[in-house]
Amino acid sequence: HKHWHRCIHTHNNIRTIHTHGFNDKAAQSLLNKLIRSNLVNTTNQVEVLQRDPNSPLYSVKSFEELRLKPQLLQGVYAMGFNRPSKIQENALPMMLAEPPQNLIAQSQSGTGKTAAFVLAMLSHVDPNNKFPQALCVSPTYELALQTGKVIEQMGKHYSEVKLVYAIRGNKLQRGTQLQEQVVIGTPGTMLDWCLKFKFIDPKKIKVFVLDEADVMIATQGHQDQSIRIQRMLPKQCQMLLFSATFEETVWNFAQRIVPDPNIIKLKREEETLDTIKQYYVLCNSKEEKFMALCNIYGAITIAQAMIFCHTRKTAGWLAGELSREGHQVALLSGEMQVEQRAAVIDRFRDGKEKVLVTTNVCARGIDVEQVSVVINFDLPVDRDGNPDNETYLHRIGRTGRFGKRGLAINMVDSRFSMNVLNKIQDHFNKKIEKLDTDDLDEIE
Ligand code: ADP
């Protein structure tokens, strides 16, 4: 991936390669979409902030209550949806209200945002009018394709409504006037189609959706392009903005895109270590850690296990050594294409792979809830070598009542890593017990 920024840090004589930059978030988001097959469970309640606090707050418990066009209701059922998700219960009535209302919605990936705005777009366009009426901008080519697929699926029984992709590579003849009612694309191409080529008349747009605002602003230029598109739209156009996270920068951007917004937020389920049994194993070197891992291998592979290494190099080495020992392992590594990574995670989810070796950079943000054993082959530390408590919690923590009991084993190979472990233990105020790998009765 040519856009990935790479930089090399040297600390404590450990050479680590970090992959970051704008495509990291987009890749993660795409991965999550590719591997997610259903809604994320959450017990948290949505928070709704209404533009007009005096108007009644509607929420729906069924899709029928929304009085969707029959063709769309058919589409909803064809996708296997029985009832609206938590966020959809409130967002859909707002988005489908007359007059249409503006909305900023934030909830983690997998909570039903895309399905919600796709329904809104398809509901608001008039198939008799042969020109674009709904625009959706997405941060990357791949994400736009993915959302386009949802539009196609949802609109399967509503074939009078057509979709076109405003993405690089889709070259139209000069002077073309688009006939399609819905346009999905990336900000650059979308802006060109509105402004430079005039394929789209922005004054006729009724719904404008900006998806993945947090990923969007991570890319240079996307923010400005999006704002320029937004400014060309008529005042009464419905503006909708979605984001998985909501930092200050996202919020500032959101307010520039969506005037007079209603706001819906759904907090992420908090992770805890309460249902996790934590151990550490004391070793003297990487090789000893490997041997210790082999000793406990039988015990950990009763369930599914994920093994985290600090670098791609260690992950590659460990996966190689394990398979040389005759163990079947899968490797999830940063140099793999997003689709390859999705395929590996998919196999792991399906239980076709029992053990997954990976780095943190690679697996961050990916929820693999059913993993019951997590091995920190290297403890999580930040760039300065300090304990990374947040990553530790995210690797081994489980969310509330959906969390099954789990087991975490930390490999310690130096005084330095023992110190890190102690700090993590103090931070969470939960004992991490010593495990003797020659005597495994303890871990049942
Ligand atoms: P988000 O945009 O928040 O990441 P999606 O709209 O992509 O979430 O939904 C996540 C997954 O849940 C998708 O596989 C989608 O098909 C499914 N889904 C969405 N809404 C519903 C629903 N009401 N009932 C069942 N499944 C749903």
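The text that follows walks through the structure, step by step, so that each part is easy to find. (Residues numbered from 1 in each chain as written. Predicted model: local features only at pLDDT ≥ 70, side-chain atom pairs only at ≥ 80, totals over all residues. Heavy atoms only, no water.)

With respect to the sheet that holds strand S5 (residues 134-137)
Cut-off, in case you're wondering: What makes two strands pair is DSSP finding at least two bridges between them. Secondary structure counts use DSSP, requiring at least four H or I residues in a row for a helix and at least two E residues in a row for a strand, with both numbered from the N terminus. To get an axis, fit a line to the C-alpha atoms, keeping to the stretch in contact for a helix; angles then go from 0 to 180 degrees between the N-to-C directions.
Spatial strand order, S3-S10-S4-S9-S8-S5-S7-S6: eight strands in an open sheet with mixed pairing. Each having just a single partner strand, strand S3 (46-49) and strand S6 (163-166) make up the two edges of the open sheet. Geometrically, the sheet is characterised by an average inter-axis angle of 15° between neighbouring strands, direction not taken into account. Bridge count for S6 against strand S7 (residues 182-185) is four bridges, and the pairing is parallel.

Focus on the site of the ligand
Which entries qualify depends on this criterion: To be near a molecule or strand, a residue needs just one of its heavy atoms within 4 Å of it. Any pair of N or O atoms that falls within 3.5 Å is considered a polar contact. Within protein, one atom must be able to donate a hydrogen and the other to accept it, and sequence-neighbouring residues count only if both atoms are side-chain atoms. Put simply, Ala, Val, Leu, Ile, Met, Phe, Trp, Tyr, Cys and Pro go in the nonpolar bin, Asp, Glu, Lys and Arg in the charged bin, and everything else, Gly too, in the polar bin.
Around the ligand, a shell composed of 18 residues is seen, among which Arg83, Gln88, Gly110, Lys113 and Thr114 lie nearest. Thr114 places a side-chain nitrogen or oxygen 2.5 Å from an oxygen atom of the ligand. Looking at the shell around the ligand, the element that brings in the most residues is helix H4 (residues 113-124), giving three residues. Considering only residue class, the shell around the ligand consists of five nonpolar, 10 polar and three charged.

A short note on the side chain of Thr186
Put simply, the rule reads: A 1.4 Å probe rolled over the protein chains alone gives each residue an accessible area, and that area as a share of the maximum for its type sets the label: buried under 20%, exposed over 50%, partly exposed in between. Throughout, a contact is declared for two residues whenever any of their heavy atoms are within 4.5 Å.
For Thr186, the position within the fold is in the loop between S7 and helix H6 (187-196). For Thr186, a relative accessible area of 12% gives the class buried. Those residues within four positions of Thr186 in sequence are excluded, and the remaining contacts are Val137, Ser138, Pro139, Thr140, Tyr141, Ala166 and Ile167.

Focus: the pairing of strand S18 (residues 406-412)
With seven of seven residues buried, S18 lies mostly within the body of the structure. Burial of the side chains of S18 extends over both faces: Gly406, Ala408, Asn410 and Val412 are buried on one face and Leu407, Ile409 and Met411 on the other. In this sheet, S18 lies alongside strand S12 (residues 276-282) in parallel orientation, the contact comprising seven bridges. Note on S18: the bridge partner recorded for Leu282 is Val412. Summarising the sheet, strand S16 (residues 373-376) and S18 pair through four bridges and their orientation is parallel. Bridge pairing in S18 links Ile375 to Ile409.

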